[in-house]
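# Summary of structural features
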Amino acid sequence: MTQRTGFLFCWLIQRLQFPQLLLLDVTCHAIVCCLLQPGLERSDSVFYLSSNKSSHEQGSCEKEVRLASSLDFWTLSSENFIAMLPVDPVKENYVRKVKNCVFSIAFPTPFKSRVRLVAVSKEVLEDILDLDLSVSETDDFIQLVSGEKILFGSVPLAHRYGGHQFGIWADQLGDGRAHLIGIYMNRKGEKWELQLKGSGKTPYSRHGDGRAVLRSSVREFLGSEAVHHLGIPTSRAASLVVSDDEVWRDQFYDGNVVKERAAVVLRVAKSWFRIGSLEILAHYGELDLLRTLLDFIIQEHFPSVDVGEPNRYVDFFSVVVSETAQLIALWTSVGFAHGVCNTDNFSLLSITIDYGPFGFMEAYNPDFVPNTSDDERRYKIGNQANIGMFNLNKLLQALNPLLDPRQKQLAALILEGYPDLYYTRFRELFKAKLGLLGERKGDEDLIAFLLHLMEKTAADFTMTFRQLSEITQSQLQELNIPQQFWALQTISKHELFPAWVSQYLLRLKSNMNDSDSERRKRMMTVNPRYVLKNWMAESAVRKAERNDFSEVRLLQQVLQHPFQKHSTAEKAGYASPTPSWAKNLRVSCSS
């Protein structure tokens, strides 16, 4: 432990008296099943584990990695951040302009009322955090994920960043209602950063109250898990808790302020650094810190980039450009619109983060935008690729002060290649959605023709591709569309649909060593039957607001297997047309 880190830990202990803390010489990242009597000392509220003797010397400890059944020996660490990156020297938690640092120390604000567990991800707990699901039933867990309890080794941090919002520089933004409570290294050697969202004010809260409401938290929990199971890089949601603490929100920014309940999501990601993390440093001329942060990010998260290479920032930029193109193409392939593609919401690791007014497109419409406050439709689904280019250009501007003239030219050429990267991946994904094998002239036209028909008939995006995966070629050829394929019945009303079917069937004949059953099987692995449509999320939210969390949990279960048909999901209508009550639903903006 460095002198600097030790000072911070001492400050933490002096400032707060936390019960049941496990103090270790080193951070324990896996659960070790052994006899702890040798070297174990106990005071009234603190356990000390001596590491003077090895387990071999003690002769009583057979190490066995397993899932933790409690939080007693489960620890987090903030040391990697505070030892390597500057922390705001001001320890008081009040809103202010912060400079010359990456993080500010800020502690979560516990709820004043009863806290209920709405949902938990068994997969995240067990596969990522090495925690047995039963831990979620304990008071310790509820206290941890609601911000009431801080584990030893954790120094809660709020990240300082800036960003361009709707194309305009917004200056300092930062984690205004989120607390990074530490890093966990799991049994597979993976490092995951744990962050509470909705856990109280920080120096970056601006005019906010530091809270998130149940409505938006349900959407974040379900949205991030849905995107993950669609095979798209994303942050994950470990848990969702709700309190009876009251907060006030203007849901649609229309002057109608309503009372809602505060909630917290525990979300995890390999990193929460975003384009705005670098922009704020470049904007204020903090170039030494910009270089330090970049080298830290490369060292930790970009193994293909040599941190000792003079061209490392160009190489880093090349990776981000390529993976951003890949990410947005994946979004488009499942009809996902992020809703707020500001540079402060764009991950440097090219994962989906910060689920606000996102949405999955229902009727195909390239102008679809889920964010009702986006009057100019800047972030419509058909413009996301262009916004990716805009954001990458802002990233390049942040990197430019560290580049020499030749490196600037190389980086500019890399950025120019972004459109080709995006369209190449877009074409690959949509060919797979149609079951096309190999390369044939006219494939792009076939895709564009179908999308044109879908737009003209307002056909359901998800179910059109899914039902093309399920219908047989003979049924298509005869234009005999069974009633169960309701989305195809919609598009079949267009006079040019028979022409498209003829072209499609002709193209399928050129698939080498393929059969109709193999085609359908292949297509059903890339075309989901279930996505989190707005009306589904809204239905779950309305029940959750009455403390009925059954539909949140049902949706969570269904969305974990989006490509498989579920009887419960079918009964709930999740693969049916949008119900009449939900036709004009809006996605609320405030969260």
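Quick note: structure is the one above.
This text gives an overview of the structure that appears in the document. (Residues numbered from 1 in each chain as written. Predicted model: local features only at pLDDT ≥ 70, side-chain atom pairs only at ≥ 80, totals over all residues. Heavy atoms only, no water.)

### Side note on the overall build of the protein
What counts here: We count a stretch as a helix when DSSP gives it H or I for four or more residues in a row; a strand needs E for two or more, and each element gets its number in order from the N terminus. Burial here depends on accessible area, computed with a 1.4 Å probe over protein chains only, as a share of the maximum for the residue type. Under 20% is buried, over 50% is exposed, and the range in between is partly exposed. Any pair of residues with heavy atoms lying within 4.5 Å of one another is described as a contacting pair. Per-residue and other accessible areas were derived by the Shrake-Rupley procedure at a 1.4 Å probe size, with only the shown protein chains allowed to occlude residues.
Along its length, the protein carries 21 helices and 17 strands. The proportion of buried residues among the 591 residues of the protein is 55%. Considering only residue pairs separated by 6 or more positions, the protein has 72% of its internal contacts joining residues 24 or more positions apart. Carbon and sulfur atoms make up 49% of the accessible area of the protein, which amounts to about 25,100 Å² in all.

### Brief notes about helix H7 (residues 275-283)
Of all nine residues making up H7, eight are buried, and the element is well covered by its neighbours. Among the residues making up H7, those that are buried are Ile-275, Gly-276, Ser-277, Leu-278, Glu-279, Ile-280, Leu-281 and Ala-282. Residues of H7 that are buried sit in contact with strand E8 (157-159), strand E9 (164-165), strand E10 (168-169), helix H8 (287-301), helix H9 (312-333) and helix H10 (384-399). At the C-terminal side of H7, Gly-285 shows a positive phi close to 70°.

### Looking at the layout of surface pockets
Note the cut-off: Site definitions follow a grid-based scheme: protein atoms alone, a 1 Å grid, a 1.4 Å probe that fits but cannot get out for cavities, and for pockets an open set with protein on both sides within 12 Å along at least five of seven lines, plus lining residues having an atom within 4 Å of a point. Grid points are joined across faces, edges and corners, and a volume is the space filled by probe spheres set on the points.
Taken as a whole, the largest pocket encloses approximately 1,000 Å³ of empty space. In terms of lining residues, the largest pocket is bounded by 37 residues, among which Gln-165, Arg-177, Arg-206, Tyr-253 and Ser-591 are the most central. Within the residue set of the lining of the largest pocket, elements represented by two or more residues are strand E12 (191-197) and strand E14 (236-250).

### A short note on the pattern of salt bridges
Basically, it comes down to this: A carboxyl oxygen of Asp or Glu within 4 Å of a side-chain nitrogen of Lys or Arg is what we treat as a salt bridge.
For the structure on display, the rule yields 36 salt bridges. In this structure, the salt-bridge partner of Arg-236 is Glu-225, at a minimum N-O distance of 2.8 Å. With Arg-236 in strand E14 and Glu-225 in helix H6 (residues 214-229), this pair connects stretches of sequence that are 11 residues apart. With respect to class, Arg-236 is no different from Glu-225; both count as buried. Taking the shortest distance from any N to any O, the salt bridge between Arg-466 and Glu-470 comes out at 2.9 Å. Of this pair, Arg-466 and Glu-470 are both found in helix H14 (residues 461-470), four residues apart, which corresponds to roughly one turn of the helix. Side by side, Arg-466 and Glu-470 carry an identical accessibility label, which is buried.

### Things to note about the side chain of Thr-343
Residue position: Thr-343 is located in the loop between strand E16 (336-337) and strand E17 (359-360). Among all residues touching Thr-343, those that are not within four sequence positions of it are Gly-163, His-164, Arg-274, Ile-275, Gly-276, Glu-279, Asn-391 and Lys-394.

### So, the nonpolar core
What counts, and what does not: The criterion is simple. A nonpolar core is a set of buried Ala, Val, Leu, Ile, Met, Phe, Trp, Tyr and Cys residues joined through side-chain atoms within 4.5 Å. Each domain's extent is set by a domain assignment, obtained either automatically or from a database.
In terms of nonpolar packing, the biggest core is built from 137 residues, with Phe-273, Leu-278, Phe-316, Trp-500, Tyr-504 and Leu-532 touching the most fellow members. Here this core takes 13 residues from H9, the largest share from any one element. Counting contributing residues per domain, this core is built from domain 1 (78-273) and domain 2 (439-510), each supplying no fewer than three. Contact partners of Trp-500, with chain neighbours within four places excluded, come to Leu-434, Leu-446, Phe-449, Leu-450, Leu-453 and Leu-468. Core analysis: the second largest hydrophobic core is formed by 30 residues, Leu-125, Leu-144, Tyr-184 and Ala-262 among them.

### A few points about the packing of aromatic side chains
For clarity, the threshold we go by: Working definition: a ring pair exists when centres of Phe, Tyr or Trp rings (six-membered ring for Trp) sit within 6.5 Å. Plane angles under 30 degrees give stacked, over 60 give edge-to-face, the rest tilted.
Scanning all chains against the criterion turns up 25 aromatic pairs. Between the aromatic rings of Trp-500 and Tyr-504, the centroid separation amounts to 4.8 Å while the plane-to-plane angle is 15°, which identifies the pairing as stacked. With Trp-500 and Tyr-504 both in helix H17 (residues 497-509) and four residues apart, the pair spans about one turn of that helix. In this structure Tyr-504 comes out as buried when scored by relative accessible area, which is 0%. A centroid spacing of 6.1 Å and a plane angle of 55° characterise the contact between Trp-535 and Tyr-574, whose relative ring orientation is tilted. Remark: Tyr-574 occurs in the segment after helix H21 (567-572) and Trp-535 occurs in helix H19 (residues 534-544); sequence separation between them is 39 residues. The exposure classification of Trp-535 matches that of Tyr-574, with both residues buried. Connected via pairs of aromatic rings, a cluster forms that spans Tyr-364, Tyr-422, Tyr-423, Phe-426, Phe-430, Phe-461 and Phe-465.

### What to know about the packing of H8 against H9
Stated formally: Angles here are taken between N-to-C directions and fall from 0 to 180 degrees, while the axes themselves are lines fitted to C-alpha atoms, restricted in helices to the stretch in contact. Just so you know how the angles are binned, under 35 degrees is roughly parallel, over 145 roughly antiparallel, 65 to 115 roughly perpendicular, and the rest oblique. Should the near helix be turned counterclockwise from the far one by less than a right angle, the crossing is left-handed, whereas a clockwise turn marks it as right-handed. Charged residues are taken to be Asp, Glu, Lys and Arg, nonpolar residues to be Ala, Val, Leu, Ile, Met, Phe, Trp, Tyr, Cys and Pro, and polar residues to be all remaining types, Gly included.
In the contact formed by H8 and H9, the axes pass within 11 Å of each other and the chain directions differ by 60°. On the basis of their axis angle, the class for H8 and H9 is oblique. In the crossing of H8 with H9, the sense of the turn from one axis to the other is left-handed. From H8, Arg-291, Leu-294, Asp-295, Ile-297 and Ile-298 reach across to H9, where they touch Arg-312, Tyr-313 and Phe-316. Residue classes in the contact of H8 with H9 are distributed as five nonpolar, no polar and three charged.

In short, the description is geometric, and any link to function would need to be established separately.
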